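Below, each chain spelled out in residue letters.
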Amino acid sequence: MNADIYSDSLEQAKLRAAELRTLLEHHGWRYYVQDDPEISDAEYDALFRELVLLEERWPALKSPDSPTLRVGGEVLDSLPSYAHSLRMYSLDNVFSMEEWREFVQKMLRLLPGVREGDLSFWMEPKMDGLAMELIYEKGLLVRALTRGDGEVGEEVTANMRTVKNIPLRLRDDAGPVPFLLEARGEVLMTKKDFAALNLRQEARGAKPFANPRNAAAGSVRQLDSTVAAERPLRFLAYGLGRVVWSEPSSAETVKEEASPWNSQQECMLGLQSLGFSIAPNAALCPSVAEVETWQRALAGERKSFPFELDGAVAKLNSLPLQKRLGFTARAPRFAVAFKFEAMQAATKLEDIQIQVGRTGVLTPVAVLTPVSVGGVTVSRATLHNEDEIRAKDLRIGDKVLVRRAGDVIPEVVGPIPEKRTGEEKEFIFPSTCPECGGHVRREAGEAAWRCVNRACPAVRRESIKHFVSKAGLDIQGVGARWVEQLVDLGLVQSPADLFGLRAEKLRGLERMGEKSAANFVAALEKARTTATLPRFLCALGIRHVGEQTAKALARTFGSVEALSEATEEQLCRIPDVGPEVAAAIDDFFAEPGNKQVLADLKGLGLWPVMTVQARPARQTAAQVAARHSGIISPLAQNSLLSLLTGSEERAQGQTGENQNPLEGKKLLFTGSLSLSRSEAKALAEAAGADILSGVSRKLDFLVVGEEPGSKLDKARALGISILDEQEFLRLARTERQHS
Ligand code: IVH
C-alpha cells in the first residue's frame, strides 16, 4: 500500500489512519489475547507499515492509541512518580490446608450471618512477575504505574504501550466502556520467551537474566522504551483500582455509582471483554473444599505451566462481602495467596566454612555444588550454629536437600542418608578462631561460639562493613568490597580511619579511578556531616541494638555521652529494652577499643545529637545549645538558641497555645541546603518536628534544597506541602516571633 495516495488530503489520511488503528488493534488482540489470528503475519505487517508511513507523512496524526507506539521510541532520564488513587495492597499467605481453613474461619468470624456454604471463590494462579496499574480515561490508555510502595508508583507508560497484549484503547463491542478504569495485574515473561531472550542476550555478549521475574522487572523499568519493546512482556489482569462508569458533570463531585459488576468473576469477565488477557485457568470455585482441589491441581501443573507461579490466589467472589471485610494495613481480608510447598533440590555439601561476624560469632556456612532451586542458583546456605549441624547430622560430602520457600533464604533441609558412600567426613567445630587463631567461647544458654579477641581482624573488618552498610550509616559507594580491600591493605583499622582517607591514596587501589576516589571521599564527608543519632547508634554495632531500639535510645538520651552514662534502670524504662540489651550497651561502652573509636569519631566531628523527647524538666536553651555545639554553625546555633529561648518564655506562661507551626509535624529534607543537614535537623527537632526517613502520606512537609532528588516527585504525587529553605527557616523561627 502506498501512503502517498493520501499525501494531499489530511482529511482522507485521518480517516485511513483511524481505520488502520482499529484494524491493527483488532488483529493484535486476536493474536495476542485470543490466541486466534484472523490474518497472516505478512498482512498484519503490511497494515502496520502503512500506518507508520502515514504518521511520518502527517505527524499531526500521531495519537496515544496508535499501535505504532508499540515499537517504543521514548527515552527518559528517570521514571517519574505518581500516587495511586487507591492503595495497591499486597497479599497475605497461607502455606497449608489448615492455614487456608483458618483463613476462611477468620473471614466468617468477621461476617456475622454468613455461613461457609454461602462462600464462593474466584481462583487464579499467583503469578511471579510484578504488579502494574494501567489507567484508561475515556477508553484510552493514559498512564501505567508500577506498584512502588503501594501508595506511589513509577510511571512506565511508554514501556507498557509496547506490551502487545495491553489494549491501547478499550474494546467497546461487548458493553459500555467506563469513563475511568484502573486495571491492575501482573506483568510477566513466559518461560519460553524468557529462555529465548536469554539466548539473545548471550549471543550479544550481554549478561543473561537470573529468572523471568528479574527479566520482566528490568524491562518494565527501562528508560529507553525501544529496549522495552524488544522484551517479550505480557500483562495479565487480576483486579481493579478505581472505576468511574460515567463522565461526571462538571458541577458535581464524582459519585461512586452502581457498577454492572457485582462479583470478582463479573469484574474479570468484564475486563476480558474490554480487551485484557486474564490468567489462563482462572475459575470460580463454589466451595472451600473445591478451592483445595483447585490449588492441588494447579500445583500438579506447575512445571508445565507457561509462566512461573508460586501458588494460587483465592478471592472471595462477592463484592459486597469483599467490601464488608475490607483491608488490614497490608493486605485484603477477602483474598489470600495459597502458596505451594517450598521448592527443593538435591546437591552435594562440599564443605563447611566458618564465617566470623562483627560480634565475633562463628557461623558455619554450607558450601554447596551450585544447584537451581526454583530458578535461583544456590551455592551457599547458612547452617546457623554447631547444634544445627549436629541435629541435622550433616557430614561433609553428603548429598543434601536444599529448600527455598518463596523469596525466603535457602536452607539445607538435611542429608539424604541412603546416598552415603562412607567417604563422608564429620565436621569438627573449630576450637580457635579461624581468622585470628584466638580463643573461642560458648556462653551458657547460647548456641553460638564467639571469638573473644577484641582485636580479631575479622571482627574489626565486619564492624567497619556494618558501619558503612545500609543497616549502619548507609554510605553510598563505600561498600563491603572496598572496606575489605582497605582493611587488607592495612589502610583502615577502625571506622574513624575511613574519614582520614584522601583521594590520592585511594586512586592506587584496584578498580578505583579518579572519579570513584573523589566520590568515595565525598560520600564519607556527606555521611560525616549528615548522620543522625539513631543511624549512628545503629552503625556502632552494639549487640541487640537495631533500628527501633536505636531510635528509642536516641530520643530518650539525645547523645552518645548521655547513653554511655545511662544506668541499667534508666535503660530498662525504654520499651523493648530489657536487662540483656542494657548489659550489651554497658559492655560496649566499657570496652577500651570502643572508647577509642568513639573518641576518634568525635574528634572528626561525627558526633550527632538529638533533642530528647518528653523531657520531664525542660532543659535550658543554653544546655541544649551546648549539646549541639561542635556540630552546629554559629548561625544555626543562634537561631536554635533564640528558638529555644522563645519556647522557654512561652513555657513560663506568656502564651498558652501552641504557636509553633512545626510542633508535632513530620518533616523530611531533600537536596542541598545552605545549612548542613544535621544543623537543619537539629533546628527542626528543636522546633518540635519529627524527621521521617522517607516520603509517605504521613509526611507534613518536604523541605527542598538545591537539586532535589526523586523525593520531590514522590511528595508532589502525594500532594504533600513543599517548603523551600527560606520558608522552613521562617516557620522554624515563628515561635519566637509570636512569643
Ligand atoms: S491480587 C488486593 N491476584 O502478588 C489484592 N495478586 O503478594 C492484590 N499477584 O502485588 C493482589 N498473581 O503483584 C493478585 N492472581 C493474582 C496475583 C497477584 C500475582 C501478585 C501481585 C501482588 C502480590 C501480592
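What counts as what
- Residues numbered from 1 in each chain as written.
- Predicted model: local features only at pLDDT ≥ 70, side-chain atom pairs only at ≥ 80, totals over all residues.
- Heavy atoms only, no water.
- Helix = DSSP H or I, 4+ residues; strand = E, 2+ residues; numbered from the N terminus.
- Buried < 20%, exposed > 50% of the residue type's maximum accessible area, 1.4 Å probe, protein only.
- Contact = heavy atoms within 4.5 Å.
- Polar contact = N/O pair within 3.5 Å; in protein donor to acceptor, adjacent residues only side chain to side chain.
- Pairing = 2+ DSSP bridges.
- Axes fitted to C-alpha atoms, helices over the stretch in contact; angles between N-to-C directions.
- Core = buried A, V, L, I, M, F, W, Y, C linked by side-chain atoms within 4.5 Å.
- Arc of directions from axis to C-beta.
- Near = heavy atom within 4 Å.
- Areas by Shrake-Rupley, 256 points an atom, 1.4 Å probe, with all protein chains shown as cover.
- Nonpolar A, V, L, I, M, F, W, Y, C, P; charged D, E, K, R; others polar.
- Right-handed = clockwise from strand over helix to strand, strands pointing away.
- Left-handed = near helix turned anticlockwise from the far one by under 90°.
- Salt bridge = Lys/Arg side-chain N within 4 Å of Asp/Glu carboxyl O.

Undergrad: Would you mind showing me how to read the environment of Arg21 here?
TA: Residue position: Arg21 is located in helix α1 (residues 10–32). Classification of Arg21 by relative accessible area gives buried; the value is 11%. Distance in space between the C-alpha atoms of Arg21 and Thr68 is 8.7 Å, their sequence separation being 47 residues. Leave out the neighbours within four places in its chain, and Arg21 touches Leu51, Glu55, Leu61, Lys62, Ser63, Asp65, Ser66 and Pro67.

Undergrad: Teacher, can you tell me more about the side chain of Glu124 here?
TA: Take Glu124: it is sitting in strand β3 (residues 121–127). Among the residues examined, Glu124 registers a relative accessible area of 2% and is labelled buried. Within the local environment of Glu124, its side chain forms a polar contact with the side chain of Lys315, the two groups lying 2.9 Å apart. Setting aside chain neighbours within four positions, we find Glu124 in contact with Tyr238, Met268, Ala279, Ala282, Trp294, Ala312, Val313 and Lys315.

Undergrad: I tried to follow the sheet that holds strand β22 (residues 690–691) on my own but got confused; where do I start?
TA: Strand pairs in the sheet, formed through backbone hydrogen bonds, run parallel or antiparallel to each other. On the basis of which strands lie adjacent, the open sheet formed by 4 strands has the order β22-β21-β23-β24 and parallel pairing. Each of the sheet's edge strands pairs with one partner strand only, and the pair in question is β22 and β24 (721–724). The sheet contact formed by strand β21 (residues 666–670) and β22 spans 2 bridges and is parallel. Residue Leu667 lies in a different strand from β22, and its bridge partner there is Ile691. Docked against the sheet, helix α26 (residues 710–718) engages β21, β23 (701–704) and β24, running at close to 145° with respect to β23.

Undergrad: Looking at this model, I keep getting lost on the sheet that holds strand β10 (residues 309–316). Mind explaining?
TA: Judged by pairing direction, the sheet is mixed, and its 5 strands sit side by side in the order β2-β11-β10-β3-β9 without closing on themselves. Strands at the two margins of the open sheet, each flanked by one partner only, are β2 (93–94) and β9 (283–285). Lying over the sheet, helix α8 (residues 264–273) contacts β3, β9 and β10, oriented at roughly 55° with respect to β3. Across the sheet, helix α9 (residues 288–301) touches β3, β9, β10 and β11 (335–339), and the angle it forms with β3 is around 25°.

Undergrad: Sorry, what's going on with the nonpolar core here?
TA: Within soluble globular proteins, side chains that are nonpolar generally end up buried alongside one another. Residues Leu498, Phe520, Leu537, Leu553, Leu571, Ile585 and Leu601 are the most contacted members of the largest nonpolar core, which totals 54 residues. No other element matches the 6 residues that helix α17 (residues 533–540) contributes to this core. Setting aside chain neighbours within four positions, we find Ile585 in contact with Ile542, Val545, Leu553, Leu563 and Leu571. With 37 residues, the next largest nonpolar core counts Leu79, Leu197, Phe235 and Trp245 among its residues.

Undergrad: Would you mind showing me how to read α8 here?
TA: Within an α-helix, residues lying three or four positions from one another point in the same direction, as the helix has 3.6 residues per turn. Within the sequence span of α8, burial applies to Gln264, Cys267, Met268, Gly270 and Leu271. The buried residues of α8 occupy an angular sector of 160° when projected down its axis, which confines them to one face. Elements in contact with the buried residues of α8: β3, β7 (180–188), β8 (234–244), β10 and α10 (319–325). Immediately downstream of α8, the backbone of Gly275 shows phi near 115°, a positive value.

Undergrad: Can you help me understand the site of the ligand in this one?
TA: Near the ligand you find 14 residues, and of these Glu124, Lys126, Met127, Glu186 and Lys315 are the closest. Met127 places a polar main-chain atom, nitrogen or oxygen, 3.0 Å from a nitrogen atom of the ligand. One of the side-chain N or O atoms of Glu186 is found 2.5 Å from an oxygen atom in the ligand. When the free accessible area of the ligand is taken as 520 Å², the share hidden by the protein chains comes to 86%. Taken together, the elements giving at least two residues each to the shell around the ligand come down to β3 and β10. Partitioning the shell around the ligand into residue classes produces 8 nonpolar, 1 polar and 5 charged.

Undergrad: Explain the pairing of β21 here, please?
TA: Two faces belong to every sheet, and in a regular strand the side chains alternate between them. Of all 5 residues in β21, 4 are buried; the element is thus mostly enclosed. Chirality of the crossover, the property in question, places the unit of β21, helix α25 (residues 677–686) and β22 among those that are right-handed. Two elements, β21 and β23, share 4 bridges in a ladder whose sense is parallel. From the neighbouring strand, Phe669 faces β23, where its bridge partner is Val703.

Undergrad: Explain the packing of α1 against helix α2 (residues 41–57) here, please?
TA: In helix packing, the relevant descriptors are the interaxial angle and the interaxial distance, both defined with respect to the helix axes. Two elements in contact, α1 and α2, have axes separated by 10 Å at closest approach and are oriented at 145°. α1 and α2 meet at a crossing whose hand is left-handed. Contacts between α1 and α2 involve Ala13, Arg16, Ala17, Leu20, Arg21, Leu23, Leu24, His27, Gly28 and Tyr31 from the first element and Asp41, Tyr44, Leu47, Phe48, Glu50, Leu51, Leu54 and Glu55 from the second. For the contact of α1 with α2, the class distribution of residues is 11 nonpolar, 2 polar and 5 charged.

Undergrad: Please clarify how the pattern of salt bridges should be interpreted in this entry.
TA: Close approach of charged atoms allows side chains with opposite charge to pair. Inspection of the entire model under this criterion finds 40 salt bridges. Between Arg390 and Glu386 there is a salt bridge whose closest N-O contact spans 3.2 Å. One end of the pair, Arg390, and the other, Glu386, are both in helix α11 (residues 386–392), 4 residues apart, so they sit about a helical turn from each other. Overall, the relative accessible area of 13% leaves Glu386 in the buried class. Arg420 is paired through a salt bridge with Asp393; the nearest N and O atoms lie 3.4 Å apart. Taken together, the positions of Arg420 in the loop between β17 (411–415) and β18 (425–426) and Asp393 in the loop between α11 and β15 (395–396) put the pair 27 residues apart, joining distant regions of the chain. Taken together, the salt bridges that share partners define one network made up of Glu435, Arg461, Glu462, Lys465 and Glu484.

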